[in-house]
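Chain residues, written in single-letter form:
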Amino acid sequence: MAQLLCNDVLPSLRSPDAAKRQSAEAALEKQTSVEPYQVVVWLLERLTFAADMPDRQMAAVLLERRLPALWSSVTPEGKKQSIEALMNVLQKDTSRPVLRVTASALVCLASAQVSDGHATFIDDIIMFVGNLLNATADLIREVGCIVLSDVIDRLHERIPNRSLKHLQASVQLIILNSLPSHLQLAAVSCLRCIAVHETSLPLTCVAQLAQTLLGNGVDSDLKEEIL
């Protein structure tokens, strides 16, 4: 069973020791070839419960890489559980590196779902993003901006224009009502992403907004990311 994969596998995959990395990769590949979905379950458990942030981040990276290829063989119930697990992590984890990779993994699965003919799944993602953007916690709203940016990059043509306008309004409110922060940065980046695909929102407007924010005291660590 995949549960028998040693918890040292994830740390070993990051090891500077090439032999240790190769051994961990071989163990993971062997188990995946035998019980692929059980490995997915194990990775989701590590992503959810591992105490060490690097372990959670590695689990998210592996899920992002492996799940889309396995998606067609996962049962409908397994797909539902996988998506729900990723959504739960996005609402509970506090590590930005983990959240960014998990967001990307979720959108990969959303894209796979839509490609498999589940077009209505885009509505579930839009509702999820909307809830994140309107949460009270800054980190949750930041996650909403990150997920929305990924969704727009990969599934823009599937998002109803009315829904996009509504989400855009939420992002603009975040920018206007938040202090210079990672949240504001994520919102500006998200608005820039919307502008790339939405001709009614010129990129020049986003650029001007970013310059205004820079003049309002954004710290040096955020300036390079905004520009």
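Refer to the preceding data block for the structure.
Only a predicted model underlies this, so the values are computations on that prediction, with no experimental measurement involved.

> What should I look at first to understand the overall build of the protein in this one?
Counting secondary structure elements, the protein contains 12 helices and zero strands. Walking the protein from its N terminus toward its C terminus, one meets helices and strands in the order α-α-α-α-α-α-α-α-α-α-α-α. Per-residue burial for the protein yields a buried fraction of 49% across its 227 residues. When contacts within the protein are restricted to residue pairs at least 6 apart in sequence, long-range pairs at least 24 apart make up 64% of them. Surface accessibility of the protein: about 11,400 Å² in total, with carbon and sulfur atoms responsible for 52%.

> Would you mind going over the environment of His166 with me for this structure?
Examined against the element boundaries, His166 turns out to sit in helix H9 (residues 161-177). His166 sits 36 residues away from Gly130 along the chain, and the two C-alpha atoms are 8.6 Å apart.

> Looking at this model, I keep getting lost on helix H6 (residues 96-115). Mind explaining?
Since the α-helix turns once every 3.6 residues, residues separated by three or four places project in the same direction. Here H6 is 20 residues long and its end C-alpha atoms lie 28 Å apart, about the 28 Å a rise of 1.5 Å per residue gives. Across the 20 residues that make up H6, a large majority, 15, are buried. At the C-terminal side of H6, Gly117 shows a positive phi close to 100°.

> What is the right way to read the environment of Ser189 from this model?
As for its placement among the helices and strands, Ser189 is situated in helix H10 (residues 182-197). On the basis of relative accessible area, Ser189 is assigned to the partly exposed category, the value being 26%. Ser189 sits 44 residues away from Cys145 along the chain, and the two C-alpha atoms are 8.1 Å apart.

> What's the story with the side chain of Asp93 in this structure? I'm lost.
Mapping Asp93 onto the fold places it in the loop between helix H5 (76-92) and H6. Polar side-chain contacts of Asp93 include one of 2.7 Å to the side chain of Arg56. A polar contact of 2.9 Å, which involves the side chain of Asp93, links it to the backbone nitrogen of Ser95. Asp93 has contacts with Leu47, Arg56, Val98, Leu99 and Leu139, leaving out every residue within four places of it along the chain.

> Looking at this structure, how should I read the pattern of salt bridges?
Pairing between side chains becomes possible if they bear opposite charge and their charged atoms approach one another. Enumeration over the complete set of coordinates arrives at six salt bridges. Ionic pairing is found between Asp55 and Arg14, a salt bridge with its closest N-O pair at 2.6 Å. Residue Asp55 is found in helix H4 (residues 53-70), and its partner Arg14 is found in the loop between helix H1 (9-13) and helix H2 (18-34); the two are separated by 41 residues along the sequence. Under the relative-accessibility criterion, Asp55 is labelled buried at 6%. Among the residues examined, Arg14 registers a relative accessible area of 37% and is labelled partly exposed. Between Glu64 and Arg154 there is a salt bridge, and its shortest N-O distance comes to 4.0 Å. Highlighted residues: Glu64 in helix H4 and Arg154 in helix H8 (residues 138-155), separated in sequence by 90 residues. For Glu64, a relative accessible area of 25% corresponds to the partly exposed category.

Conventions used here
Residues numbered from 1 in each chain as written. Predicted model: local features only at pLDDT ≥ 70, side-chain atom pairs only at ≥ 80, totals over all residues. Heavy atoms only, no water. Helix = DSSP H or I, 4+ residues; strand = E, 2+ residues; numbered from the N terminus. Buried < 20%, exposed > 50% of the residue type's maximum accessible area, 1.4 Å probe, protein only. Contact = heavy atoms within 4.5 Å. Areas by Shrake-Rupley, 256 points an atom, 1.4 Å probe, with all protein chains shown as cover. Expected span 1.5 Å × (residues − 1). Polar contact = N/O pair within 3.5 Å; in protein donor to acceptor, adjacent residues only side chain to side chain. Salt bridge = Lys/Arg side-chain N within 4 Å of Asp/Glu carboxyl O.

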